[in-house]
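A look at the structure
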Amino acid sequence: MKQHQKLTVVLCLTWIVTLLYGEMFAFWIPSLLSCSWPSPSSSSTAMDGAGDYVKVAVLADPQLMDRTSLRLPPKSLALEIAQFYTDLFMRRAFFASILPFKPDVILFLGDQFDGGPYLSDEEWQESLSRFQHIFGLKNQRRYKDIQVYYIPGNHDIGYSSLHSHKPEVVRRYEKKFSMGNYRFTGGKVEFIAIDALTIDGNQDGNLTSATWDFIKNVSVDVQSLPRVLLMHIPLYRRDRTPCGPHRKSPVINQRILRAVHDQEILYQNYITEESSIRILDLIKPVLVLSGHDHDQCTVTHKSNSGTVKEHTVGTLSWQQGNLYPSFMLLSASNSALSNTSNLEEAVSTHLCFLPMQTHIYIGYLLLFVLTLLSLLAWPTCMRFWRHCSDLVGYSKQLISCNIFQGGTKEKNEDENCEYEMIWDAEGSMHLVKKHVNAPMKNPSDKGTVERGNATMRPTAKKVISQEMEVRMNVDMNVDESMTKLPIRTSKSKIKLIIHRLVQAFGMLIVIAAVNIPLYMMLLFKDWIEQ
């Protein structure tokens, strides 16, 4: 097999391994190596025991891209490509990294869409269809043993200032997903979902008053089970509050904008401090789960009933400002607690990270550049190494001939010898040393003229003059031939460059012919509904 054929095979195999990892194996890592269901402290049986705990998968901010995301024209090719690759990542993450854990409950912590309040009914239905396809919600058999719950986000229904102007947005969401305020039980744990978008709105508004009435009703009930509070917007935290080791981006500080005429919320990062304290005192949760921030954050709140930990779960999408998408596994105890003073032991959580899609695409780009450089520079590299090996061989020969050994030559080394001038095909002259029998010197010979160790005989003068004439003629011929040599050299270089480009292009075609069909197959095998 020739050298360029070996290179083609090596590059093909490298691309195959890289594509298999980036498009498939990378999504198996969370479910196989880095993530597992946590065991609640209250569980008395082994972790894999049947009925030991209820398994809850928590997802936040998938935020499906639409025309409002990148300010691209609707149905444009750029928007379609961005939507496809974003949706494909979440679909792979869900089917390869989350569903293999076989959760009993799936929680979405809001922002299912991106421009939900500003989409027409037709556009909203299209986004809903994409959402159902990404998470396999169209296949009812897959969800016959899984319960799915949603809470609204600001990108789904907007903040409270929008509710009074566009109430149809809220009705549209509630018809397909759920109400903003509700409660359900998972194992021996009660989950309380509240509409955080209306909490700090105008107290005279219908939705805001309905949310606070729901919270008050929950507070008056006898708390027999530990409670987990679910909300989209996180509770209040002081500016520059540390978010723990899993935070990758700078901490976002509090920011609230209100409408001038009715004081409704236009935008907010966190619930106000007053509302946060009131919610914790009324509901008394053992754990708070939130989204909205797009990055991971773990903080501890103080309330009259003690300290409460809040986990803000990062976005599931790789296009929402977080290079490290994540989800959370939550285990809710399925057995009653014997000690009501340690209710927090009924719930355990484990944060799991998804592949860094941006790094995968950067790896593809670097491999592509390396492939081009290898194809173009491979002949030069081979010739360079051959020259290096030849140089080493010549060096060994010179060393063996003692050329570099020290010592002075004897004075009579060049005695009894003469040099013959020989020209090669390229016109270069070489001196060849020949040994001759030295004649006996006679002091009476007056016809010789000595100069050092070189002796010039009168009988050799004519021969030398003839040799000089021949040498001058040869030099003139060499000069004429050298003027024609650059033209020939430039033509040969152009032919060599063209030959290399054609050969590199052919090798690139072979690599593409093998790997592009593989890449397309890996893309659409995960996108097609199973």
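Residues numbered from 1 in each chain as written. Predicted model: local features only at pLDDT ≥ 70, side-chain atom pairs only at ≥ 80, totals over all residues. Heavy atoms only, no water.

1. Here we look at the nonpolar core
If you look at the biggest cluster of nonpolar residues, it comprises 60 residues, and the most contacted ones within it are L59, F131, F135, I194, M231, I279 and F327. For this core, the secondary-structure elements that each account for two or more residues are β1 (53-59), α2 (77-98), β2 (105-108), α3 (121-134), α6 (167-176), α7 (206-220), α8 (273-283) and β12 (326-333). Of all the elements, α2 adds the most residues to this core, at six residues. Filtering out sequence-adjacent residues up to four positions away, F327 remains in contact with V58, L59, S97, I98, F101, V313, L316, H350, L351, C352 and L354. By size, the runner-up hydrophobic cluster in this structure holds 27 residues, among which are L109, Y149, L230 and L287. (Core = buried A, V, L, I, M, F, W, Y, C linked by side-chain atoms within 4.5 Å. Buried < 20%, exposed > 50% of the residue type's maximum accessible area, 1.4 Å probe, protein only. Helix = DSSP H or I, 4+ residues; strand = E, 2+ residues; numbered from the N terminus. Contact = heavy atoms within 4.5 Å.)

2. Examining the UniProt feature "transmembrane region" (unreviewed entry) in the chain
UniProt's entry tags residues 360-378 and 501-524 with the feature "transmembrane region" (unreviewed entry), counted in the numbering of this structure. What you have in residues 501-524 is 100% helix and 0% strand, and the ends, taken at the C-alpha atoms, are 33 Å apart. (UniProt positions renumbered as here; feature names shortened; annotations may be inferred.)

3. With respect to the pairing of strand β5 (residues 189-193)
Looking along a regular strand, one sees side chains alternate from face to face of the sheet. Counting buried residues along β5, five of its five residues qualify, which places the element largely inside the surrounding structure. Burial of β5 is two-sided: the residues V189, F191 and A193 facing one way and the residues E190 and I192 facing the other way are all buried. As defined by bridge partners, strand β4 (residues 182-186) adjoins β5 across five bridges and the pair is classed as antiparallel. Looking across to β5, one finds that Y182 is bridged to A193. Hairpin remark: β4 followed by β5, antiparallel, with two residues in the connecting loop; positive phi at G187, about 65 degrees. As a crossover connection, the stretch from β5 through α7 into strand β6 (residues 227-230) is right-handed. (Pairing = 2+ DSSP bridges. Right-handed = clockwise from strand over helix to strand, strands pointing away.)

4. Examining α6
By the burial criterion, the buried members of α6 are V169, V170, R172 and Y173. End-on view of α6: buried residues confined to an arc of 160 degrees, all on one side of the axis. What points out from α6, more than 90 degrees from its buried face, is the exposed set R171 and K175. Elements that come into contact with the buried residues of α6 comprise α3, β3 (147-150), α4 (154-157), α5 (160-163) and α7. (Arc of directions from axis to C-beta.)

5. Some points on the state of the cysteines
Under the defined criterion, the tally for this structure stands at two disulfides. Covalently, C35 is tied to C352 through a disulfide, its sulfur atoms 1.4 Å apart. Linking C35 in the loop between α1 (3-34) and β1 with C352 in strand β13 (residues 347-353), this pair joins segments that are 317 residues apart in sequence. Neither C35 nor C352 differs from the other in exposure class; each is buried. Between the sulfur of C243 and that of C297 lies a disulfide, 2.1 Å long from S to S. Taking the sign of the S-S torsion, about -75 degrees here, the bridge from C243 to C297 comes out left-handed. Here C243, found in the loop between β6 and β7 (256-258), pairs with C297, found in strand β10 (residues 297-303); they are 54 residues apart in sequence, far enough to count as distant. Like C297, C243 is buried. If you count the bonded cysteines of the chain from the N-terminus, they pair up as 1-4, 2-3. (Disulfide = S-S within 2.5 Å.)

6. Thoughts on the packing of α7 against α8
To describe two helices that pack against each other, one gives the angle between their axes and the distance between the axes. α8 packs onto α7 with a crossing angle of 35 degrees between their chain directions and a minimal axis gap of 8 Å. Each of W212, I215, K216 and S219 in α7 lies in contact with α8, whose residues at this interface are S275, R278, I279, L282 and I283. When its residues are assigned to classes, the contact of α7 with α8 shows five nonpolar, two polar and two charged. (Axes fitted to C-alpha atoms, helices over the stretch in contact; angles between N-to-C directions. Nonpolar A, V, L, I, M, F, W, Y, C, P; charged D, E, K, R; others polar.)

7. Quick notes on the sheet that holds β4
Taken in spatial order, the six strands of this open sheet run β4-β5-β6-β9-β11-β10, and their pairing is mixed. Of all the strands in the sheet, the pair left with one neighbour each is β4 and β10. The sheet shows a mean angle of 25 degrees between the axes of neighbouring strands, taken without regard to direction.

8. Some words on the sheet that holds β13
If you trace the five strands from one edge of the open sheet to the other, you get β3-β2-β1-β12-β13, paired in mixed fashion. Since the sheet does not close on itself, it has two edges, and those belong to β3 and β13, each with one partner. Going across the sheet, the axis of each strand differs from the next one's by a mean of 20 degrees, ignoring polarity. Bridge count for β1 against β12 is six bridges, and the pairing is antiparallel. Considered in β12, the bridge of V56 is made with L330. The strands that α2 touches are β1, β2 and β12; relative to β1, the one it contacts most, it runs at about 160 degrees.

9. Notes on α2
In a regular helix each residue adds 1.5 Å, so 22 residues correspond to 32 Å; α2 covers 30 Å between its end C-alpha atoms and thus fits that length. Burial analysis of α2 places 16 of its 22 residues in the buried class, which makes it a mostly covered element. (Expected span 1.5 Å × (residues − 1).)

10. Describing the pattern of salt bridges
Evaluated as defined, the whole model comprises 12 salt bridges. In this structure, E23 engages R92 in a salt bridge whose closest nitrogen and oxygen atoms are separated by 2.5 Å. Of this pair, E23 sits in helix α1 while R92 sits in helix α2, placing them 69 residues apart in sequence. In terms of burial, E23 and R92 fall into one category: buried. (Salt bridge = Lys/Arg side-chain N within 4 Å of Asp/Glu carboxyl O.)

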